[in-house]
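Understanding the architecture of this molecule
Single-letter residue listing:
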Amino acid sequence: MPTTSLPRGVAIIGAGMSKFGAFPEKNSRDLFVEAYKDLLASVEKGFDPRQIESFYLGNFSSDLFEHQAHMAPLLADAVGLTPIPAARVENACASGATALRQGVMAIASGMADAVLVGGAEKMTNLPTADVTDTLAAAADMAFEISAGFTFPGFYAAIATAYMAKYGMKPEHLMNVALKNHENGALNPNAQFGVTIQKWMEGRVAAALKKGKPAPTWQTVMDFLHDDSANPMVAWPLRLFDCSPITDGASALLLVPADRAKDYTDTPIYITGSGQASDSALHDRADLTALPAAQRAAAQAYQMAGVTARDIRIAEVHDCFTIAEVVATEDLGFFAPGEGYRAAEDGVTARDGAKPINTSGGLKSKGHPVGASGVAQAVEVFKQMRGQAGARQVSGDVPLALTHNVGATGSTCLVHIYERKD
Ligand code: COA
């Protein structure tokens, strides 16, 4: 395990994202241009893009989603950066954080003094069945997909094992969805920027408008238990336990730490980066934790010289509600078997002791897979600088963490961010 800190400090001086959602009229290029413009506007002392020396793009499968491979130079060209080197990085749903780690290594090693890190995915061109097939390519085709697994199915297996081991009930997972929709409702870039309460009220209003009998839900839990409103996808996971299918892009600008204040008074430093890999899920003895996440977290904490207790907020990979529960345990925020109570007890709420997924997470903000890892860093950048608007957590955010998972944990990355005033 690496024990050293980064050979040269790395800072984020700008961060941006497109709106996440379903945009039939836009392709990855359009979305990335939006994210890039948002990034440049965030560098308050200004930045001449001609200083950017290389570009790493997180993208899972533009080949299958858009029939367009070789996306990095196209996007570099779209934002006027050719002829700098541009490379696409693919690591399933962890493509974004893997691109970020390449950027960190380029700056830390002295290879570059300004790096653009991006993420982009355009998923909604395809019908759901084809999206499911495309995502399945991130799993083990020979031993898992051929046996009938899909991603909701994998995470359902994880949830089932977790329930059997720790006594969690499906209702506990609903608390994660409720919490993340509360946060997403305050995020103007979220795909589902609405609380589940409002969603339910909208359904009642729509039924009445059509002259149909009004549903009889009294509470959000009634709504979430109703098979017609919240259908089962893969037991015990229902629709509201799943992240959606999303189009979106995100971007970060990295420079050496000692130059960051030329561009902003509030750079955010990346002080820890960890990455690990693992066998596919079918080859693991225990489904209730992701060893690659634990290992990546240990590396990142060690590099940054901090512990789980020190982290003020975290964006974790909640592709399904159970994934957030397991993540918060793998990261050491809660003991094994305790994570599921955190949303119920309000610990992971925006005003709780350990706010998780203040952006709305993948569940509510959306999950354009290659863009998600970079968008997590965009959220902590905003929160740490006090620029997260209505969803800003109270008090200082000196330390934050992002956790990005590829497939069911065959890849995992953890990054740690510090604000030094
Ligand atoms: N959560 C809540 N509501 C959702 C939703 C989600 N994840 N996905 C879709 N909806 C809503 C839509 O807004 C729509 O609502 P409306 O009828 O009020 O307009 C309704 O459900 C139907 O939408 P549709 O797009 O037809 O849903 P779908 O059945 O085709 O897809 C899933 C739903 C859950 C199957 C799909 O979102 C999915 O596959 N998610 C997982 C993606 C994934 O695996 N990512 C990688 C993780 S590793």
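First, a word on scope: everything that follows refers to the structure included in this document. Owing to the predicted nature of the structure, the values given are computational and were not obtained by experimental measurement.

In the vicinity of the ligand, 17 residues are found, and the nearest of them are Thr 128, Arg 203, Cys 242, Ser 243 and Lys 363. Contacts to the ligand include Thr 128, whose side-chain N or O atom sits 2.5 Å from an oxygen atom. Taking Cys 242, its main chain carries an N or O atom lying 2.7 Å from a nitrogen atom of the ligand. Burial of the ligand by the surrounding chains reaches 68%, relative to a free accessible area of 910 Å². For the shell around the ligand, the secondary-structure elements that each account for two or more residues are helix H5 (128-136) and helix H8 (196-209). The residue inventory of the shell around the ligand, partitioned by class, reads 12 nonpolar, 3 polar and 2 charged.

Quick look at the sheet that holds strand S7 (residues 247-256) now. Adjacent strands of a sheet form backbone hydrogen bonds with each other and so pair up, either parallel or antiparallel. Here 9 strands make up an open sheet; going across it, the order is S3-S2-S4-S7-S1-S8-S11-S10-S9 and the pairing mixed. Lying at the two open borders of the sheet, with one neighbouring strand each, are strand S3 (86-89) and strand S9 (313-315). Ignoring which end each strand starts from, the neighbouring axes of this sheet average 25 degrees apart. Examined bridge by bridge, strand S1 (residues 10-17) and S7 share 7 bridges and lie antiparallel to one another. If you follow Ala 15 over to S7, its bridge partner there is Leu 252. Against the sheet, helix H14 (residues 369-384) makes contact with S1, strand S2 (54-58), strand S4 (115-122), S7, strand S8 (268-277), S9, strand S10 (399-406) and strand S11 (411-418), and its axis sits at roughly 60 degrees relative to S7, the strand it touches most.

Moving on, we get to the packing of aromatic side chains. If you walk through the whole model with that rule in mind, you get 11 aromatic pairs. Relative to Tyr 263, the ring of Phe 47 lies with its centre 5.1 Å away and its plane at 65 degrees, an arrangement referred to as edge-to-face. Taken as a pair, Phe 47 in the loop between helix H1 (28-42) and S2 and Tyr 263 in the loop between S7 and S8 lie far apart in primary sequence, 216 residues in all. The exposure class assigned to Phe 47 is buried, which follows from its relative accessible area of 11%. A relative accessible area of 12% means that Tyr 263 is categorised as buried. For the pair Phe 192 and Trp 199, a centre-to-centre distance of 5.0 Å together with 75 degrees between the ring planes defines the contact as edge-to-face. Taken together, the aromatic side chains of Phe 192, Trp 199, Trp 217, Phe 223 and Phe 240 make up a single cluster linked through ring pairs. For the cation-ring pair, Lys 26 lies above Phe 23, with the distance from its terminal atom to the ring centre recorded as 4.7 Å. Lying across the ring of Tyr 269, Lys 420 places its NZ or CZ 4.8 Å from the centre.

Before going further, it helps to examine the pattern of salt bridges. The tally for this structure, following the rule as stated, stands at 15 salt bridges. When the shortest N-O distance is used, the salt bridge between Asp 265 and Lys 45 registers 2.9 Å. Linking Asp 265 in the loop between S7 and S8 with Lys 45 in the loop between H1 and S2, this pair joins segments that are 220 residues apart in sequence. The exposure class of Lys 45 is partly exposed, given its relative accessible area of 44%. One salt-bridge network, held together by shared partners, links Arg 8, Asp 113 and Arg 259.

As a packed pair, helix H6 (residues 151-166) and helix H11 (residues 321-330) sit with axes 9 Å apart at the nearest point and diverge in direction by 60 degrees. Here H11 runs oblique to H6, going by the angle between their axes. Judged by the twist between their axes, the crossing of H6 over H11 is left-handed. In this structure, H6 uses Tyr 155, Ile 158, Ala 159 and Tyr 162 to contact H11, whose residues at the interface are Ile 322, Ala 323, Val 325, Val 326 and Glu 329. Classifying every residue of the contact of H6 with H11 gives 8 nonpolar, no polar and 1 charged.

About the cut-offs
Residues numbered from 1 in each chain as written. Predicted model: local features only at pLDDT ≥ 70, side-chain atom pairs only at ≥ 80, totals over all residues. Heavy atoms only, no water. Near = heavy atom within 4 Å. Polar contact = N/O pair within 3.5 Å; in protein donor to acceptor, adjacent residues only side chain to side chain. Areas by Shrake-Rupley, 256 points an atom, 1.4 Å probe, with all protein chains shown as cover. Helix = DSSP H or I, 4+ residues; strand = E, 2+ residues; numbered from the N terminus. Nonpolar A, V, L, I, M, F, W, Y, C, P; charged D, E, K, R; others polar. Pairing = 2+ DSSP bridges. Axes fitted to C-alpha atoms, helices over the stretch in contact; angles between N-to-C directions. Contact = heavy atoms within 4.5 Å. Phe/Tyr/Trp six-rings, centres within 6.5 Å; stacked < 30°, edge-to-face > 60°. Buried < 20%, exposed > 50% of the residue type's maximum accessible area, 1.4 Å probe, protein only. Lys NZ or Arg CZ within 6 Å of the ring centre and 35° of its normal. Salt bridge = Lys/Arg side-chain N within 4 Å of Asp/Glu carboxyl O. Parallel < 35°, antiparallel > 145°, perpendicular 65-115°, else oblique. Left-handed = near helix turned anticlockwise from the far one by under 90°.

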